[in-house]
Amino acid sequence: VHCTSSQSQFENKTRALDMLRTKLLDQQLCARADFERSERKGQRGTKDRSEKIRTYNFQRDEVVDHRLPKDQGGSGHSASDVLFAGGLE
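We now turn to the structure provided with this report. (Residues numbered from 1 in each chain as written. Predicted model: local features only at pLDDT ≥ 70, side-chain atom pairs only at ≥ 80, totals over all residues. Heavy atoms only, no water.)

1. A closer look at the overall build of the protein chain
Note the threshold: Helical segments are the DSSP runs of H or I of at least four residues, strand segments are the runs of E of at least two, and each set is numbered from the N terminus. We call a residue buried when its accessible area falls under 20% of the maximum for its residue type, exposed when it is over 50%, and partly exposed in between, using a 1.4 Å probe and counting protein chains only. Two residues qualify as a contact provided that any one of their heavy atoms is within 4.5 Å of a heavy atom in the partner residue. Areas reported here follow the Shrake-Rupley algorithm with a probe of radius 1.4 Å; residue values treat only the protein chains shown as occluding.
Counting secondary structure elements, the protein chain contains two helices and two strands. The order of α-helices and β-strands along the protein chain, N terminus first, is α-β-β-α. Counting across all 89 residues of the protein chain, residues that qualify as buried make up 11%. Partitioning the contacts of the protein chain with sequence separation of at least 6, the portion at a separation of at least 24 is 9%. Accessible surface for the protein chain amounts to roughly 7900 Å². Of this, 51% is attributable to carbon and sulfur atoms.

Laid out in structure tokens, this is it:
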């Protein structure tokens, strides 16, 4: 950082240090904001159909839990039981 706004060397030095401090702080804030933005983007996911947890089909009164295999109770739950009786337990 170079500063020659006044004839006093001390004033120029303090201004230059303030400018340097400001630039470093700005760089740190930008790096932190970029990191937080990338972390949030990674947590959001792609919103694909493959990321679904459950599908509620009220016309057939059925809930499908996509995390479980079909032979372990992944499909065939009653939607009204899930909503009003406490879940998929």
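2. Section: unusual backbone geometry
Located in the positive-phi region is Asp61, a residue other than glycine, with phi close to 50 degrees. For Asp61, a relative accessible area of 35% puts it in the partly exposed group.

3. Points about the pairing of strand β1 (residues 54-57)
Rule in force here: Here a strand pair is declared whenever DSSP counts at least two bridges between the two strands.
Bridge count between β1 and strand β2 (residues 62-65): four bridges; the pairing is antiparallel. Bridge assignment links Arg54 to a residue of β2, and that residue is Asp65. Taking the residues that link successive antiparallel strands as the turn, the β1-β2 hairpin has four residues, and the phi of Asp61 there is positive, at about 50 degrees.

4. A closer look at the environment of Leu20
If you trace the backbone, Leu20 turns up in helix α1 (residues 9-44). Of the residues examined, Leu20 reaches a relative accessible area of 37% and is grouped as partly exposed. For the pair Leu20 and His2, spaced 18 residues apart in sequence, the C-alpha separation works out to 9.3 Å.

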